[in-house]
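Letter by letter, the chains look like this.
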Amino acid sequence: MFLDLRDQWPPVPPPAPLPASGEPHRGTRGERLVGLIVACNLLLLFLAPIAGSSVAQAIAALIAALHR
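Since the structure is predicted, the reported quantities are computational estimates derived from the model, not experimental observations.

Asks: Please clarify how the overall build of the protein chain should be interpreted in this entry.
Replies: A tally of helices and strands in the protein chain yields 2 helices and 0 strands. Looking at the protein chain as a whole, 4% of its 68 residues are labelled buried.

Here it is as structure tokens:
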């Protein structure tokens, strides 16, 4: 009535272990690139459409006030 798969024949071999993959060390240039990408993402987050118009208006008002 049911299929019992606890004792399979022939026995299933154990799975092969995955090769160890160490994470490569990032150099100074790579860290700078990651920092630049994070800074760009934060800038885009700050100027997102949700707050984009109010932030742009505030920056324009600040620039106008500084030039008077």
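Asks: It is not clear to me how a nonpolar patch on the surface should be interpreted in this structure. Could you clarify?
Replies: A cluster of nonpolar side chains, namely Leu43, Phe46, Leu47, Ile59 and Ile63, defines an oily patch on the protein surface of about 460 Å² accessible area. The set of elements that each furnish at least two residues to the nonpolar patch consists of α1 (28–46) and α2 (52–66). Tracing the backbone through its elements, the reader meets isoleucine 59 in helix α2. Using a relative accessible area of 38% as the deciding quantity, one classes isoleucine 59 as partly exposed.

Calculation criteria
- Residues numbered from 1 in each chain as written.
- Predicted model: local features only at pLDDT ≥ 70, side-chain atom pairs only at ≥ 80, totals over all residues.
- Heavy atoms only, no water.
- Helix = DSSP H or I, 4+ residues; strand = E, 2+ residues; numbered from the N terminus.
- Buried < 20%, exposed > 50% of the residue type's maximum accessible area, 1.4 Å probe, protein only.
- Patch = residues over 30% accessible without salt bridge, like charges linked within 9 Å, V, L, I, M, F, W, Y side chains within 5 Å.
- Areas by Shrake-Rupley, 256 points an atom, 1.4 Å probe, with all protein chains shown as cover.
- Salt bridge = Lys/Arg side-chain N within 4 Å of Asp/Glu carboxyl O.

Purely geometric stuff here, so don't read any function into it on its own.
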